[in-house]
Structure formats: structure tokens, C-alpha cells
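# Observations on the three-dimensional arrangement
Take a look at the letters that make up each chain.
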Amino acid sequence: MLEQILEQTKEYLAPEDRHKLAQAYAFAEQAHSGQQRLSGEPYMVHPSGVALILAGLKQDADTLCAALLHDVVEDTPVSEEEIKKTFGPQILFLVKGVTKLTELKISRSREEMHAENTRKMLLAMAKDIRIVFIKLADRLHNMRTLEYLTRPKQIENAQETMDIFAPLAHRLGLGLIKWELEDLSFRYLDPENFQMVRKKVAEKRRERESYIQEFSEQVKNILRDHKIHGEVSGRAKHFYSIFRKMQTQHLEFEQIYDLSAVRVLVDTQHDCYGLLGLIHARWRPLPGKIKDYIAMPKENMYQSLHTTVIGPEGKQVEIQIRTFEMHQQAEYGVASHWLYKQADKTRTGRQRLKQKDLDYIDKMTWLRRLAEEKTDSSEFMDTLKTDIIFDEVYVATPKGDIYSLCHGATPVDFAYQVHTEVGNRCIGAKVNNKIVPLDSELHNGDVVEILTSKTARPNSDWLSFVQSPRTKTKIKSWVAKQNKQQHLDVGREMLATALKELLLDPALASSAKYLPPILKRYALHSLEDLYVAIGHGDVASRAVARTFLENYKEKNKPVEEARPIFEKPRKANSAGVAVDGVDTVMIRLANCCHPLPGDAITGFVTMGYGITVHRASCKNVSKLKERKIAVFWNNTPQHTYAAALEVAGFDRVGIFKDILNVVADTGINVQEATARKTGHGEFRSHLVVDVRDLDQLLNLLGALKKIKDVYDVCRLLS
């Protein structure tokens, strides 16, 4: 095994480093002397296998030495001090980092131990990424020899590998390790389907390989004819990726045409796009199958151009085009940086590497913060799976645009990823051309179309199923903004009404002459804040109006027109309205605008009908030719008045009942109530209710707006 490791590293390690490796191998072999694995092989086969995997990733000498020694402290009498003395503090740090990942406290539950083990791994990774390279290689070698464990242990290890280690390898861009871990886990978790896929792949392998070889030759001819330097090779899909595609796209094995692909490596990004055009000129591309991961790299920094074309004999062929450096990143991910550090000593190389390293430093810092801040085990694992490990689901629009979403993402997450307004106007979704619920989980390869409506609004219930923190923030922001806007609108109307009751112009509220003392008195910063405070109920509108009146009197003495309305001599009428010096005339309230106590009103003398009272803002007032007369509300709490409302919302079973229940709970009588559907899953309800005054009506409006799926409530003015 030592000879294989030294042979694998001779191209990139200096002679002194390879001598150090031989020393570590001899030390580990002596420490593990007499120990065996379950397979009956000498124990040294395992650390040697781990080191060989890492040599394939072209890791540095310290990493390979730590791989050879990673079980010495845990499984032999050798002390940490002895390793430090022989190999130095850096290798001891790596060995301890890997060893600590397996230390568990027996007193904890199984779930807590698993969470704690994972947390330690992430913390160690944030300190030195090489620790996780060793851990992943350790897991890969163990998975290769899983056949010697009991069936329960096989399932346990395979599930943990599928849940944690394979996605982690993907996150770090270690494609070679990720694919093998997935296939090995698939073999033990679902042996029946694993054997089915393997058998079907093997049945036509020779025919498929012959076809791909012929196709590759034609691609080589294109490169040669256009003087583009590059390498062309065939690539077979892995068993688990084939099975996942069958599951997510509901396909039979025979319906999957891209079991093999052609990979082309070229020198520059310009060559990538140039070759893509040449290939499309030669073979017709499939719409929606062109993916540009160069312009839009994946989260793990994977870059490549993907396209699927109709090749010879009408067969579909997937082609991947990338530069040699992009291929290095795709195969070895973050591990490739160590290779560049040793092989590229030029100033340009160092500058390029520096930027890549900064990207990963940001990732490691964020990862460390996550592992340190979460204290609850279940919360930690949930956050880990959502935000870090399982955070890449790639879906497309009907036009072929690709979007990256977190695992478990829903159509609502997708809508907000496309654009905030698309999310805000979302009323439904189609996935793969089928209508689905908004809380459906999206999968890789899904084609998603969002249905929108100009009148639609976000629903706070979406917060219970959306997965993306970004989506949750946008929904919460909209809800908070709408609540603020509702309070602002209600507060503005309440203050205007209170000012009119005192015969003051509502425009005084925005006057720089009178507003500042009000804001100072209530410790507010703007008129908008004042409206919100009134609408929310923190400040009384009449108290604010009286303060305006005091300020007005102070600055405008004498104030003849600023007397409160209750100072005017008047006599009451059964309608609750008084006319100066008149007590026998018939007075009725206009049906067009339903004035309420608190509204500014005006009267009109109508021949044969007495006096008709309208709201001052009623649009019919300007059309009336009758003689205008001053009228005033009389404080008669025993009276009730009709008020017309309209309620708009998303249609659902029971929503009309909920509206009527809210009205009843406020002690208000309903004169009439109707409801109708308006299309796009929406409805509108018309109500006429009996209220004492404007304040009671405004309270009712606020209560109705809190009903689930109601997005608008308004008073019909005329």
C-alpha cells in the first residue's frame, strides 16, 4: 500500500514530503500491529486506503500523514504527545480534529449524539477544511467495505452517508467522492432498485459505449477543423442519479436517453461558448435543455455548459463543455485549491487563488457561526439540512431559465426567487404542467410556472410551509408593511373626523405650524407615525384633535370658527341630526353615502321630503341643486345608523361565515349581506350594518381585516 501512495504522489510532492509519508506509514503500521478489520485484513489496510483516496485528490503531505495516523490515538496506546514530538503540532491538530468527530457522550440520546457529532465535524471543518477531507475519505473507504457489517449497521451507515456525507461532499464540490458515496449508499438502502438499475445499464452498455465513442470522434473533428485545443471523453451516469431521475420525473428506465454523456475540456471560457455554438450548428439542441453554469455557477462553484442535442440516429446526447480548470473544480472542489497552491507559483496564480480562497473563507466563517450558535440538537439538524447540506434544488421556468432553491422549496419560494412581485401576486402554480398546491415540494428538474393575479396578496399562512429564509423575510416584510398601511389609513380617517367634529380643517394635521408640538408631545417623528399610532390605538384621535384646537386658538386669537360643534344651539331630530332653531322638520339620512356620527355632514332642503343629510364628501353633493342648510350631529347614543361595507378576499369554504361571526361578535346588527365569486379564486362580500358612530365602524373594519384570507375591507361612500 505504501508503494501505491508514493507512486500516486510522486508527481506533486517533494522528495522530503514523500519521506515524511513513509515515516508516518511505518509509525502507524507499528501502532496497529496485530489489529484486524472485520474482513480479516490487517487494520493498516484502512488508513492506507484513506491516504490513497486523498492522494487521488492531490492533498498535501500533512493531510496524508494525518490520514495514516487518524486512528492511532483512538485505537492504540500511542499518546498525542508522541505524535506531536515525532510529526509536529500541525499533523497532531489534524489527527485530533478527526478523532474528536467520533467522540460521543453515552449519557445523551441517539439524536443528540448524532447532532453533536455533526456539529463537531462542522466546527472542525471551519477551522481547517483538510479535517473534513480526511473524514470524507475515511467514510468512503468504510463504505467500500460495508459488506462485512451486520444488516442494521449497513443501513445505519448508509443512511447517515446519504443524509450527511454525500451532500457535504457535494457542497464542497468533491464530485468524485459524492457520486461514489451516493451509489454505495443506494446499494445498501435499496438493494432491489440498485440491482435493477445496474442490470439495465449493463444490458446495452457495449452498444451505448460504441455510439458515444463515434459521437465523440465527430466532436473531435469539430475541434480539429476550428483549431480549438481540447479533450473529449464519454461519461456514464451514476446509478443513483439515474434512479433519482426516474423518481423525480416519473420515468421508466427506457425513457431515460442520457445514460451517457460527452464531456469536452477546452482551454478558455471563450472556447466553451464558441464550441457550444458549433455543436448547435451541427446538431439540433433540445429546448429547455441548455444550462449555463458558467455565467451562473452552482452554490459549490461548479461551472460548465450543459446541452442536450439530437445526435445521429435521432438519439439524445448530453454534452458538457468546460475549461480544464473548471473540470478540476468540478472533480475536486475546494480540495483543488491545495493543488494550485503547490503547482501554481506565479503571481497571477496567487492572485487568482486568493479570490477563490476568500469565497471559501466566507463560507467557513458562516458555517462556524451556525455550528456555534444553535444549541438545541433538533433545531441545529433542521437548520443544517435546510440551509447548508440540502440547499440545492434546481428547477426551471417554462422558458428554460434555471433557478437554485433550498431543499424542500415550494412554488412560493420559487415565485419569490424569480421576483418579489411575482411572489406577492402568486395565486397558484403548475409543476411539470400540472396544477399543484402552493405547499408542494419541488424537486430537481421540475418545470415551474407561477400563476399570478393583479389583485392577489401574500398570505401570512405561507410562512408555515415556505423553506427559504429569504422568502420568509419578504413575506413578513409585506405583512408588516400592510399592517402599518392599514393602521395609517385608519388613523388618517379617524384624525380627519375628529378635526372636523371641532370644525377644524383636516389639512391642519400636515401643517408645519401646528404639527411639531403634537409630535413632540407624543414622542413621534412624523405625521405618518402619528397616523399609525392612532390607527393602532396607542393614541386617541379626539385627544390629538383637541391639542390641535388648543394650538390653533393659541396662534389665532380670537378663533370664531373654531368652536366645538356642541357649542352650537340645536334641537334634536329622530335621525340624530339637529338643525339650528328647527325641531319639526322631517330629516332623513341619504342612502347613497350612509352618514354616521363623526362624519362631516351637510343638509339639503328637498321639496316635499324635508331635509336630506349627506356626507360632506359624498360625490352626489356637487350634483344637488336644492338649498344647502347647516346641520349637526346630536349626541344621541341610542341611535344606530346604516353603513355599507365591502369585504374582499381569497375564496375558501367558511370565509363568509367567518365574516358574519366577526360582525356578530362585535354586537353589530346586519341589515343585509351578500357574497359572490369574482374569479381567480377570489370573492367579494357586500354588507349593510347598523352602527352607533364612526368609531364603532372603524373598530369593525379592523376586526374584519384580521380574518384569514381577507385582504381588503372598505366602507362604501356612495
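The notes below deal with the structure included here. Keep in mind that what you see is a predicted model, and the values were worked out from it rather than measured.

What follows covers the sheet that holds strand β21 (residues 710-715). The antiparallel open sheet is built from four strands, whose spatial order is β19-β20-β18-β21. In the strand order of this sheet, the two ends are held by β19 (669-679) and β21, each with one partner. The sheet shows a mean angle of 20 degrees between the axes of neighbouring strands, taken without regard to direction. For strand β18 (residues 641-650) and strand β20 (residues 682-691), the ladder comprises ten bridges, and the chain directions are antiparallel. Counterpart to alanine 644 in the pairing with β20 is valine 688.

Once that is clear, we can look at the pattern of salt bridges. Close approach of charged atoms allows side chains with opposite charge to pair. As enumerated under the stated definition, the model contains 18 salt bridges in all. Salt-bridge contacts for lysine 153 lead to glutamate 156; the nearest nitrogen and oxygen are separated by 3.8 Å. You can see lysine 153 and its partner glutamate 156 sitting in helix α10 (residues 151-171), three residues apart, about one turn around the helix. Glutamate 156 gets classed as partly exposed once you look at its relative accessible area, which sits at 35%. In this structure, aspartate 489 and arginine 492 form a salt bridge, with 3.4 Å as the shortest nitrogen-oxygen distance. Of this pair, aspartate 489 and arginine 492 both sit in helix α22 (residues 469-501), three residues apart, which is roughly one turn of the helix. By relative accessible area, which is 34% here, aspartate 489 ends up partly exposed. One network of salt bridges, with partners in common, ties together Arg652, Asp658 and Asp709.

Before going further, it helps to examine the side chain of serine 304. Relative to the elements of secondary structure, serine 304 occurs in the loop between β4 (291-292) and β5 (305-310). The exposure class assigned to serine 304 is buried, which follows from its relative accessible area of 0%. Engagement of the side chain of serine 304 in a polar contact is seen with the side chain of arginine 322, the distance being 3.4 Å. Residue contacts for serine 304: discarding those within four places in its chain leaves Lys291, Asp292, Tyr293, Ile294, Gln320, Ile321 and Arg322.

Our focus in this paragraph is the sheet that holds strand β9 (residues 426-431). Strand order in this open sheet of three strands is β10-β9-β11, and the pairing throughout is antiparallel. With partners counted over all chains shown, the strands left at the sheet margins are β10 (434-436) and β11 (448-452), one partner each. Averaged over all neighbouring strand pairs, the angle between strand axes comes to 35 degrees, with direction disregarded. As defined by bridge partners, β9 adjoins β11 across five bridges and the pair is classed as antiparallel.

By convention here, two paired aromatic rings are described through the distance between centres and the angle between planes. What the rule picks out here adds up to seven aromatic pairs. Between phenylalanine 27 and phenylalanine 87, the aromatic rings sit 5.4 Å apart at their centres with planes inclined by 85 degrees, giving edge-to-face as the arrangement. In this pair, phenylalanine 27 is assigned in helix α2 (residues 15-31) and phenylalanine 87 in helix α6 (residues 80-87), connecting sequence segments 60 residues apart. When sorted by exposure, phenylalanine 27 lands in the same class as phenylalanine 87, which is buried.

Analysis parameters
- Residues numbered from 1 in each chain as written.
- Predicted model: local features only at pLDDT ≥ 70, side-chain atom pairs only at ≥ 80, totals over all residues.
- Heavy atoms only, no water.
- Pairing = 2+ DSSP bridges.
- Helix = DSSP H or I, 4+ residues; strand = E, 2+ residues; numbered from the N terminus.
- Axes fitted to C-alpha atoms, helices over the stretch in contact; angles between N-to-C directions.
- Salt bridge = Lys/Arg side-chain N within 4 Å of Asp/Glu carboxyl O.
- Buried < 20%, exposed > 50% of the residue type's maximum accessible area, 1.4 Å probe, protein only.
- Polar contact = N/O pair within 3.5 Å; in protein donor to acceptor, adjacent residues only side chain to side chain.
- Contact = heavy atoms within 4.5 Å.
- Phe/Tyr/Trp six-rings, centres within 6.5 Å; stacked < 30°, edge-to-face > 60°.

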